[in-house]
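Analysis of the macromolecular model
So you can see what is in the structure, the chains are spelled out below.
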Amino acid sequence: MADKMELNEVEVWDGNYAASQALRQAQVDVVAAYPITPSTPIVENYGAYVANGYVDGEYVMAESEHGAMSACVGAAAAGGRVATATSSQGFMLMLEVLYQASGMRLPIVLTVVNRAVASPLNVRGDHGDMYAGRDSGWVQIDAFNAQEAYDLTLCAFKIGEDLDVRLPVMVHQDGFVTSHTAQNVYPLSDEEAYAFVGDYKPVDEMLDFSRPVTYGAQTEEDWHYEHKAKQHKALMESYKVIDKVFEEFEKKTGRKYNRLEQYMMEDAEVAIVALGTTVETAIYAAEQLRKDEGIKAGVVAPRSFRPFPYNEIREALANVKSVAVLDRSCPMGAMGALYNEICGAMASTPANPLVTNYIYGLGGRDFAVEDAKNIFREQKANADAGYITTELQQFSGLRGPKLAFYEAKRS
Amino acid sequence: MAITSIKNLKEFSTTNERFEGAHLLCPGCAHSMIVRELLNCTDDNLVLATNTGCLEVSTAVYPYTSWDTSWIHIGFENAASAVTGAEAMYKARKRKGTLKDPDAPVKFVAFGGDGSTFDIGFQWISGAVERGHDFTYICLDNENYANTGGQRSSATPIGAHTSTAQAGRVSYGKKQKKKDIVGIFAAHGAPYVAQLSPNKWKIMAKGFQKALETEGPCFINTVSACTTEWKFDPKDTIHVTDLATDSLMFPIYEIINGTKLNILYRPKNIIPVEEYLAAQGRYKHLFKPENRHVIEQIQKEIDEKWEYLQRREEASV
Ligand SMILES: Cc1ncc(C[n+]2csc(CCOP(=O)(O)OP(=O)(O)O)c2C)c(N)n1
Ligand code: SF4
Ligand SMILES: [Mg+2]
């Protein structure tokens with residue numbers, strides 16, 4: 001048996017440490033990993049737990065991220081709990097296997113510390129890697145700070161391993177701003193955490209020789225479509241289990257999570273939709289604007305990026321006049337992906353908010369409270385005018401001349 | 001561990017069949033002989049992984065499977081990672097007491113073609129061997145990317161015609177030499193590395209059993225004659241393979257711990273490589289006068305390699 005760790009009621013952990021503690025407490029059977037900034041400390045911390053007797057699972061140091069995720073797939077098919085961590089280039093190298101893992105319905109947990117994708121090479125945080133995973137068939141949950149990285153990593157096991165889901169789950173946190181910033185974190189004890197996650201329930205395991213299984217079959221035009229459709233259905237319907245797990249977590253800890261987080265939205269006239277640490281910046285800006293400038297600002301944040309909370313978005317934005325959707329990944333020749341999701345959600349409702357897109361924070365460019373305030377002020381101007389007063393897509397915080405695309409059609 | 005002792009070929013057809021006869025490999029394909037021999041040379045439970053290639057696409061087409069044991073395919077390059085991930089899970093679950101049948105002996109085996117072994121999956125195998133997992137990797141070496149229509153690999157010998165290294169008016173086919181994959185994995189310090197061939201089936205079965213019994217990572221390159229891409233009649237698979245081993249184009253030997261080489265088969269009559277080459281369409285163009293020098297070069301390299309292997313064996317290194 002692995003040794004237990006005595007934890008204080010409040011610990012000072014950064015996001016990486018929080019995630020690695022959650023992996024330890026979930027008593028993962030196999031961690032197969034490869035280091036990359038900024039998620040390296042997750043792998044290193046876990047290595048320290050292994051070296052000091054806090055883990056009795058296997059720890060496989062692979063020769064690459066592709067090898068790490070491939071070993072995770074083999075391990076998961078052998079019927080136990082599996083997890084790993086990565087960022088950026090490592091995520092891109094894993095990408096082939098991410099699709100294979102979800103196609104085989106293996107509930108692996110991947111903690112992704114979001115980082116920009118080269119070229120140019122950049123180790124700082126943006127959401128380029130997270131966005132590259134959005135069609136890969138994984139549940140994608142977004143943590144905005146260290147406490148959430150800890151909480152949601154525990155939840156991830158319970159969501160992915162649920163017999164109604166059986167899908168791999170990514171838990172995202174922002175590179176450096178979350179991963180390397182020490183904050184107060186309230187952990188569960190080892191016993192409480194494991195009791196919450198529960199024992200792993202093997203399904204179609206390769207180590208049950210009374211019932212041989214074939215993993216990774218070939219299907220062509222006769223069956224491939226049905227398989228993919230079924231996988232999509234499982235991901236679409238996983239929201240029920242996500243809600244159930246969040247409820248259970250709240251009962252245990254008092255900390256409440258929602259697939260769509262909403263702040264000051266009850267009477268909001270303008271809103272920012274964002275992901276990651278930007279959410280806290282936007283909340284702070286909204287509070288100040290409400291106090292100082294009388295702008296009824298609110299913030300909407302998809303906690304669950306996949307499955308995407310379309311219904312909740314429709315309700316949250318039903319009475320908002322102007323919405324800014326912030327994408328921290330360069331869409332390269334299109335509108336931002338989050339913007340398109342929001343417009344898609346709102347297009348089928350009677351509500352007709354003015355929706356514009358802001359690209360920001362690429363490669364770790366700071367997004368300050370004043371940046372968020374300016375975006376809110378532009379929304380207020382739109383709301384007052386009754387039409388979009390800016391271009392549809394603007395780059396926020398970019399040096400040099402203003403970069404913007406698509407003139408809005410004014411009414 | 002229990003190992004079935006096999007005395008004659010007939011016994012293969014009566015031992016339990018964990019690899020069904022119903023599959024889509026070409027008639028005369030040596031892949032199936034090699035795989036069946038591996039499955040039949042042990043009674044232990046098996047967890048198998050297979051890279052993308054002829055073996056994989058021919059044995060697991062949904063909703064059918066030819067595998068009556070645990071089997072996984074992920075991609076073209078990562079069967080070694082898949083099987084070592086499963087092996088790690090086995091160790092973890094054994095320690096934690098969560099296995100259904102904790103006392104049942106289990107062996108972990110990965111199969112790959114030469115494409116996935118010499119080329120695209122090379123790094124994954126190297127990593128798995130270096131990590132020291134208890135598994136056996138078996139390369140089905142047919143010297144080309146057969147599944148995708150016969151392109152060159154780094155296992156394709158000099159002079160062979162493939163669709164991406166063609167023989168033509170100004171080309172004699174592939175210009176580069178074959179990689180020494182056995183030497184490379186011996187250099188990893190793997191406890192057991194060998195080159196084996198299905199025509200010498202008793203030697204092959206013994207080698208497989210040795211690899212399965214040996215704790216740690218073992219690597220075996222097997223000669224797998226490909227009727228379609230080597231261009232010979234499907235009934236001649238074993239005949240062509242005999243020519244391969246008796247011309248010493250494929251010497252049969254093992255290397256223990258990277259430091260001790262044993263020759264496992266010495267042909268009574270060593271035949272000129274010309275006979276082996278002449279039996280296959282892929283070498284047809286070498287018999288034109290302007291390409292004869294390639295045959296000479298192949299023969300010279302075979303002689304030198306045989307000389308080298310014998311010297312190593314004599315010196316016990
Ligand atoms: C990443 C990737 N690249 C390319 C392919 C296409 N591909 C599939 S099998 C194959 C060749 C297989 O050759 P080999 O490993 O020698 O096996 P064989 O079919 O000859 O037994 C290729 C090129 C693939 N499936 N995946
Ligand atoms: S193409 Fe060659 S390797 Fe592939 S199934 Fe046919 S004979 Fe076997
Ligand atoms: Mg091949």
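Our subject is the structure listed above.
So, here is what we can say about the structure in this document. Worth saying up front: this structure is predicted, and the values here are computed from it rather than measured.

Procedures and definitions
- Every residue gets a number counted from 1 within its own chain, in the order that chain's sequence is written.
- Labels are handed out in written order, letters beginning with A for the chains and numbers beginning with 1 for the ligands.
- Residues qualify for local features only when their pLDDT is at least 70, as the model is predicted, and side-chain atom pairs are given and counted only at 80 or more; totals for whole chains, interfaces and linings, by contrast, use all residues.
- The basis for the side-chain values is all heavy atoms of the structure; hydrogens and waters are excluded.
- Working definition: rings of Phe, Tyr and Trp (its six-membered ring) pair if their centres are within 6.5 Å, and the pair is stacked with planes under 30 degrees apart, edge-to-face with planes over 60 apart, and tilted otherwise.
- In this description a helix means any DSSP run of H or I spanning at least four residues, a strand means any run of E spanning at least two, and both kinds are numbered starting from the N terminus.
- Only protein chains enter the accessibility calculation, which uses a 1.4 Å probe. A residue is then buried if its area is under 20% of the maximum for its type, exposed if over 50%, and partly exposed in between.
- The criterion is that NZ of a Lys, or CZ of an Arg, lies within 6 Å of the ring centre and within 35 degrees of the ring normal, and then a charge sits over that ring.
- Whether two residues are in contact is decided by their heavy atoms, any of which lying within 4.5 Å being enough.
- What gets called buried area is simply the loss in accessible area from a 1.4 Å probe that two parts show on being joined, summed for both.
- Here, a salt bridge means any Lys or Arg side-chain nitrogen found within 4 Å of an Asp or Glu carboxyl oxygen.
- Strand pairing is defined by DSSP finding a minimum of two bridges between the two strands.
- In this analysis a donor is any N, O or S atom within 2.8 Å of a metal ion (3.2 Å for sodium, potassium and calcium), and since water is not included, sites may seem incomplete.
- Call a crossover right-handed when, viewed with both strands pointing away from you, the route from the first strand across the helix to the second goes clockwise.
- Summary of the distance rule: residues count as near a molecule or strand when at least one heavy atom falls within 4 Å of that molecule or strand.
- Think of a polar contact as two N or O atoms within 3.5 Å of one another; within protein, one of them needs to be a possible hydrogen donor and the other a possible acceptor, and neighboring residues in sequence only count if both atoms come from side chains.
- Only the protein chains shown count as cover for residues, with accessible areas throughout obtained via the Shrake-Rupley method and a probe of 1.4 Å.

1. Things to note about the packing of aromatic side chains
Tallied over the full model, the rule gives 23 aromatic pairs over all chains. Note on Phe-395 of chain A and Phe-405 of chain A: the rings are 6.4 Å apart at their centroids and 75° apart in plane angle, and the pair reads as edge-to-face. Within this pair, whereas Phe-395 of chain A is found in strand β16 (residues 391-395), its partner Phe-405 of chain A is found in strand β17 (residues 404-407), the two being separated by ten residues in sequence. Aromatic side chains Phe-76 of chain B and Tyr-145 of chain B sit 6.3 Å apart centroid to centroid with 80° between the ring planes, which places their arrangement in the edge-to-face category. Here Tyr-145 of chain B lies in the loop between β4 (136-141) and β5 (167-168) and Phe-76 of chain B lies in the loop between β2 (70-72) and α4 (79-96), a separation of 69 residues in the sequence. A relative accessible area of 24% places Tyr-145 of chain B in the partly exposed class. By way of ring pairs, the aromatic residues Trp-13, Tyr-17, Tyr-46, Tyr-49, Tyr-59 and Tyr-150 of chain A are connected into one cluster. Residue placement shows Arg-303 of chain A over the ring face of Phe-144 of chain A; its charged tip is 4.1 Å from the ring centre. In this structure, Lys-175 of chain B is placed above the aromatic ring of Tyr-172 of chain B, and the distance from its NZ or CZ to the ring centre is 4.8 Å.

2. Quick look at the interface of chain A and chain B
On the side of chain B, 42 residues touch chain A, which itself brings 45 residues to the contact. For the pair chain A and chain B, the summed buried area comes to about 3400 Å², and 58% of that belongs to carbon and sulfur atoms. Its largest share of buried area at the contact with chain B, chain A owes to Leu-207, Phe-209 and Gln-218 of chain A, together 19% of the area lost on that side. Run the count over chain A and chain B and you get seven salt bridges.

3. Thoughts on the sheet that holds strand β3 (residues 106-113) of chain B
Spatial strand order, β9(A)-β2(B)-β1(B)-β3(B)-β4(B)-β8(B)-β7(B)-β9(B)-β10(B): nine strands in an open sheet with mixed pairing. One side of each edge strand has no neighbouring strand; the edge strands of this open sheet are β9 (214-215) of chain A together with β10 (260-263) of chain B. Taken together, the five bridges between strand β7 (residues 192-196) of chain B and strand β8 (residues 218-223) of chain B define a ladder with parallel strand orientation. Bridged to Gln-195 of chain B within β8 of chain B is Asn-221 of chain B.

4. Observations regarding the coordination of the magnesium ion (ligand 3)
Residues and elements named next belong to chain B. Binding of the magnesium ion (ligand 3) to the protein goes through Asp-114 (OD), Asn-142 (OD1) and Asn-144 (O), at separations of 2.0 to 2.1 Å. Taken in chain order, the donor set of the magnesium ion (ligand 3) reads D-x27-N-x1-N. Of this pair, Asp-114 sits in helix α5 (residues 114-119) while Asn-144 sits in the loop between β4 and β5, and the two are 30 residues apart along the sequence. Residue classification places Asp-114 among the buried residues on the basis of a relative accessible area of 0%. What makes Asn-144 buried here is its relative accessible area of 5%.

5. Here's the deal with the pairing of β7 of chain B
Residues and elements named next belong to chain B. Burial runs high along β7: five of the five residues are buried. What you see with β7 is no split at all: Tyr-192, Ala-194 and Leu-196 on one side and Val-193 and Gln-195 on the other are buried throughout. Handedness of the crossover joining β7 and β8 through helix α8 (residues 201-213) is recorded here as right-handed. Of the pairings in the sheet, the one linking β7 to strand β9 (residues 253-256) comprises four bridges and is antiparallel in character. In the sheet register, Val-193 faces β9, and the bridge partner there is Ile-255.

6. Let's talk about the site of ligand 1
His-31, Cys-54, Gly-115, Asn-144 and Asn-147 of chain B are the nearest of the 18 residues found near ligand 1. Chain contributions to the surroundings of ligand 1 come from chains A and B. Asn-144 of chain B has a polar backbone atom sitting 2.9 Å from an oxygen atom of ligand 1. One nitrogen or oxygen atom from the main chain of Ala-146 of chain B is found 2.9 Å from an oxygen atom belonging to ligand 1. Out of a free accessible area of 590 Å², ligand 1 has 77% covered by protein chains. The element contributing the most residues to the shell around ligand 1 is α5 of chain B, with three residues.

7. A short note on the pattern of salt bridges
Evaluated as defined, the whole model comprises 40 salt bridges over all chains. The salt bridge involving Glu-58 of chain A is made with Arg-95 of chain B; its shortest N-O contact spans 2.3 Å. One end of the pair, Glu-58 of chain A, is in strand β3 (residues 58-61); the other, Arg-95 of chain B, is in helix α4, on a second chain. Relative accessible area serves as the criterion here: at 48%, Arg-95 of chain B is assigned to the partly exposed category. What you see here is one network of salt bridges that share partners, running through Glu-205 and Asp-208 of chain A together with Arg-93 and Lys-100 of chain B.

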